[in-house]
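The residues making up each chain are set out below.
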Amino acid sequence: MYVVELSLKLSPMPVAVQRKELADAQALYGQVKQALETGAPRVLELSCEKEEDKRISLLSSEVVAVQIYEKSAMGGGSKRPGFSFEG
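Model, not experiment: these values are computed from the prediction. Starting afresh in each chain, residues are numbered from 1 along the sequence in its written order. Residue-level local features of this predicted model are given only where pLDDT is at least 70; pairs of side-chain atoms are given and counted only at 80 or more, and the full residue set underlies all totals for whole chains, interfaces and linings. Water and hydrogen atoms play no part in the side-chain values, which are based on all heavy atoms of the structure.

### Some remarks on helix α1 (residues 22-38)
Taking 1.5 Å per residue, 17 residues should reach 24 Å; α1 reaches 24 Å between its end C-alpha atoms and fits that length. Burial classes: relative accessible area under 20% of the type maximum marks a residue as buried, over 50% as exposed, and values in between as partly exposed (1.4 Å probe, protein chains only). Each helix is a run of DSSP H or I of at least 4 residues and each strand a run of E of at least 2, with the numbering of both proceeding from the N terminus. A25, L28, V32 and A35 are the residues of α1 that are buried. The arc that holds every buried residue of α1, seen down its axis, measures 90°, which confines them to one face. Residues of α1 that are exposed and point more than 90 degrees away from the buried face comprise A23 and E37. A helix is expected to reach a length of 1.5 Å times the quantity of its residues less one. This arc is built from the directions going out from the helix axis to the C-beta atoms.

Encoded structure:
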């Protein structure tokens, strides 16, 4: 399972949706990144594959960062999101 996480302006909590396949997560990441690059505000509608009824619509101009990370099957934990200086 892969998590696509968006950080929003003035919000301490990120928005996260899950994808079963890496290719699907990368496609969503690319869609959000493209919306950020265009600079023109538009509505992004995101849905979650794990919880199919979970949907959110947000304005692309409110997104400040997007990342993908793999959710580990062991213990319900996940790889550390973001960037780390640890090897």
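### Looking at the pattern of salt bridges
Pairing between side chains of opposite charge can happen when their charged atoms approach one another. The term salt bridge refers to a side-chain nitrogen of Lys or Arg lying within 4 Å of a carboxyl oxygen of Asp or Glu. One pass over the structure, following the stated rule, counts two salt bridges. Between E37 and K33 there is a salt bridge; the shortest N-O distance is 3.9 Å. Here E37 pairs with K33, and both are found in helix α1, just four residues apart, close to one helical turn. On the accessibility criterion, E37 (58% relative accessible area) is exposed. Across the salt bridge formed by E45 and R55, the nearest N and O atoms sit 3.3 Å from each other. Within this pair, whereas E45 is found in strand β3 (residues 43-47), its partner R55 is found in strand β4 (residues 55-59), the two being separated by ten residues in sequence. A residue is classified by how much of its surface remains accessible, and E45, at 49% relative accessible area, is partly exposed.

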